[in-house]
Amino acid sequence: MEVKIQTLTPIWTGGIESGKCDRIHETGLLGSLRWWMEVLVRGMGGVVCDPTEQKCSYDSKKPNNGLCKVCEVFGATGWKRQFRLEVQEIEISDAQIKHTITADRTYTNDQGKLKTPTWYFRDSNPPNAPKNGTFIIKIQSFNPKFKPEIIAGLIQFIADWSALGARSQMGFGVIKIECAGIIDTQPLYDWLILTNGSESDRKLPSLQNIFLAKIHSKDSNFDERSTFDLKYDLRQLFRSDKNIRHFIMGTVKGDVIAAKVKISRPYKDENGNIVIRVWGYIPQQADIYNTIWNRETVVEKIHEHLKNNHNLTLWREINSGRDFETGKMIDEKAFLQSLLKL
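None of these values were measured; they are calculated from a predicted model.

Digging into the overall build of the chain
Move 1: Each helix and strand counted, the chain has 8 helices and 13 strands in total.
Move 2: Here the chain has a C-alpha radius of gyration of 20 Å; the compact-globule value for 342 residues is 20 Å, and the two agree.
Move 3: The principal-axis extents of the C-alpha atoms in the chain amount to approximately 60 × 45 × 40 Å.
Move 4: By residue count, 52% of the 342 residues in the chain fall in the buried class.

With respect to the pairing of strand E7 (residues 131–141)
Move 1: For strand E1 (residues 2–7) and E7, the ladder comprises 5 bridges, and the chain directions are antiparallel. Note that in E7 the partner of Lys 4 across the bridge is Ile 136.
Move 2: As defined by bridge partners, strand E2 (residues 83–94) adjoins E7 across 11 bridges and the pair is classed as antiparallel. Directly across from Ser 93, in E7, lies its bridge partner Asn 132.

Structural notes on the pattern of salt bridges
Move 1: Here the structure, examined in full by the defined rule, presents 17 salt bridges.
Move 2: The salt bridge partner of Arg 42 is Glu 38, with a shortest N-O separation of 3.6 Å. Within this pair, Arg 42 and its partner Glu 38 are both found in helix H1 (residues 26–43), separated by 4 residues, close to a single helical turn. Grouping residues by exposure puts Arg 42 and Glu 38 together as buried.
Move 3: As a salt-bridge pair, Glu 300 and Arg 322 come within 2.7 Å of each other at their nearest N and O atoms.

A few points about the layout of surface pockets
Move 1: Taken as a whole, the second largest pocket holds about 570 Å³ of empty space.
Move 2: Together, 25 residues line the second largest pocket, and Ala 159, Asp 160, Lys 214, Glu 270 and Arg 277 are the ones closest to its centre.
Move 3: Residue assignment for the lining of the second largest pocket shows that the elements contributing at least two residues are helix H3 (148–161), strand E8 (175–177), strand E9 (210–216), strand E11 (267–268), strand E12 (274–281) and strand E13 (311–316).
Move 4: Considering every element that reaches the lining of the second largest pocket, the biggest residue donor is H3, with 4 residues.
Move 5: When grouped by side-chain class, the residues that make up the lining of the second largest pocket number 10 nonpolar, 6 polar and 9 charged.

Examining H1
Move 1: Across its 18 residues, H1 extends 26 Å between first and last C-alpha, which sits within 8% of the 26 Å expected from 1.5 Å per residue.
Move 2: In terms of burial, H1 is largely enclosed, as 15 of its 18 residues are buried.
Move 3: Phi for Gly 45, located one or two positions after H1, is positive at around 90 degrees.

So, the packing of aromatic side chains
Move 1: Taken as a whole, this structure holds 10 aromatic pairs when the rule is applied.
Move 2: Measuring from ring centre to ring centre gives 6.2 Å for Phe 83 and Phe 146, while their planes differ by 25 degrees; the resulting arrangement is stacked. Highlighted residues: Phe 83 in strand E2 and Phe 146 in the loop between E7 and H3, separated in sequence by 63 residues.
Move 3: When its relative accessible area of 0% is taken as the criterion, Phe 83 is described as buried.
Move 4: With relative accessibility at 7%, the residue Phe 146 sits in the buried group.
Move 5: Judged by centre distance (4.9 Å) and plane angle (5 degrees), the rings of Phe 211 and Trp 315 are stacked. With Phe 211 in strand E9 and Trp 315 in strand E13, this residue pair connects regions lying 104 residues apart in the sequence.
Move 6: Given the relative accessible area of 0%, Phe 211 is considered buried.
Move 7: For Trp 315, a relative accessible area of 0% corresponds to the buried category.
Move 8: Cation over ring: Lys 69 sits above Trp 191, and NZ or CZ is 4.2 Å from the ring centre.

As for the nonpolar core
Move 1: Leu 33, Met 37 and Ile 155 are the most contacted members of the largest nonpolar core, which has 60 residues in total.
Move 2: Element by element, the count of residues in this core is highest for H3, at 9 residues.
Move 3: Listed in part, the 25 residues of the second largest apolar core include Ile 244, Met 249, Ile 276 and Ile 302.

Describing the sheet that holds E8
Move 1: Judged by pairing direction, the sheet is antiparallel, and its 4 strands sit side by side in the order E2-E7-E1-E8 without closing on themselves. Strand pairing shows two members of the sheet lacking a second neighbour, E2 and E8, which therefore form its edges. For this sheet the average axis-to-axis angle between neighbouring strands, irrespective of direction, equals 25 degrees.
Move 2: Across the face of the sheet, H3 comes into contact with E1, E2, E7 and E8 while running at roughly 155 degrees to E7.

Details of the side chain of Glu 26
Move 1: By the secondary structure assignment, Glu 26 is in helix H1.
Move 2: Residue Glu 26 is classed as buried on the basis of its relative accessible area, which comes to 17%.
Move 3: In this structure the side chain of Glu 26 is engaged in a polar contact, spanning 2.9 Å, whose partner is the backbone nitrogen of Val 87.
Move 4: Setting aside residues up to four positions removed in sequence, Glu 26 forms contacts with Leu 85, Glu 86 and Val 87.

A word on the environment of Pro 187
Move 1: The residue Pro 187 is located in helix H4 (residues 186–192) in this model.
Move 2: Residue classification places Pro 187 among the buried residues on the basis of a relative accessible area of 18%.
Move 3: Between the C-alpha atom of Pro 187 and that of Gly 153, which follows or precedes it by 34 residues, the distance is 7.2 Å.
Move 4: If we ignore the near neighbours within four places in the chain, the residues touching Pro 187 are Glu 149 and Ile 150.

Rules used in this analysis
- Residues numbered from 1 in each chain as written.
- Predicted model: local features only at pLDDT ≥ 70, side-chain atom pairs only at ≥ 80, totals over all residues.
- Heavy atoms only, no water.
- Helix = DSSP H or I, 4+ residues; strand = E, 2+ residues; numbered from the N terminus.
- Rg over C-alpha atoms; globule rule 2.2 N^0.38 Å.
- Buried < 20%, exposed > 50% of the residue type's maximum accessible area, 1.4 Å probe, protein only.
- Pairing = 2+ DSSP bridges.
- Salt bridge = Lys/Arg side-chain N within 4 Å of Asp/Glu carboxyl O.
- 1 Å grid on protein atoms, 1.4 Å probe; cavity = no way out; pocket = protein on both sides within 12 Å on 5 of 7 lines; lining within 4 Å.
- Points joined across faces, edges and corners; volume = space filled by probe spheres on them.
- Nonpolar A, V, L, I, M, F, W, Y, C, P; charged D, E, K, R; others polar.
- Expected span 1.5 Å × (residues − 1).
- Phe/Tyr/Trp six-rings, centres within 6.5 Å; stacked < 30°, edge-to-face > 60°.
- Lys NZ or Arg CZ within 6 Å of the ring centre and 35° of its normal.
- Core = buried A, V, L, I, M, F, W, Y, C linked by side-chain atoms within 4.5 Å.
- Axes fitted to C-alpha atoms, helices over the stretch in contact; angles between N-to-C directions.
- Contact = heavy atoms within 4.5 Å.
- Polar contact = N/O pair within 3.5 Å; in protein donor to acceptor, adjacent residues only side chain to side chain.

As structure tokens, then:
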């Protein structure tokens, strides 16, 4: 099966050399595909291994050969991935991005000094820059019981809601699928609902703790810097507690923490509007040093900031009155159907 893709913001997949993107690499796409498959499987009550702690390993003597549902498909030690992914570049060019972006903001740091936040993009000179353009993803199943349409449906989900590839925290990877209509996501849904239901880990990303949002600019003045101004603004929401701020928005100092909230670069939607996507996961439970955790408070702060300071055109979240389409829906299958547009 083939899926033709057009980038809406530059895409980054890394390469053979660290910090460089010489072409669109399949391995850089597989990482985000797997991450979102884990989210959806956990959302249906499936047990998914936490690769940061203990990965699955094939063992014929264990139930299900010692593999979780995601490792069954994406591979594990002693077990081959059930499909092949191949990228065919059609019209790809190096993205022209600024190497240094200074936010239109200032703040006083912990030492009382006035600072201006700045973001740096190293090793992004051509031909190692992020890529723009059109490419085809070819999907070949190695197992007749596993349909390539499942992976194609997952790509459609990502195209609708988040980003493909690496460095999504820098705004890369928003795509659209170029075909007649949208890809049928029914095979993905049918595969997911066969998951054996159980209680998912409430600390890991799942359908139960993600949010998906889109904003338009109130003054129609979004530009590349807007992504990083918004990143700064969201960090400031949690300035009173640096532990929560680092946990939500990430840090590169000391023990590196990945950001749980991602913000895209501005792009044009199908109606010609300039849009920024904001999405992420805020877990129900979190172990944060010397801090009382309340997920609802965190999510509400993010929601209120987007609603009050931008034109919030979409917010999706299960079991929440904030959700734009379904209201406070608690049924996971129905919520998934709405996200897959079934």
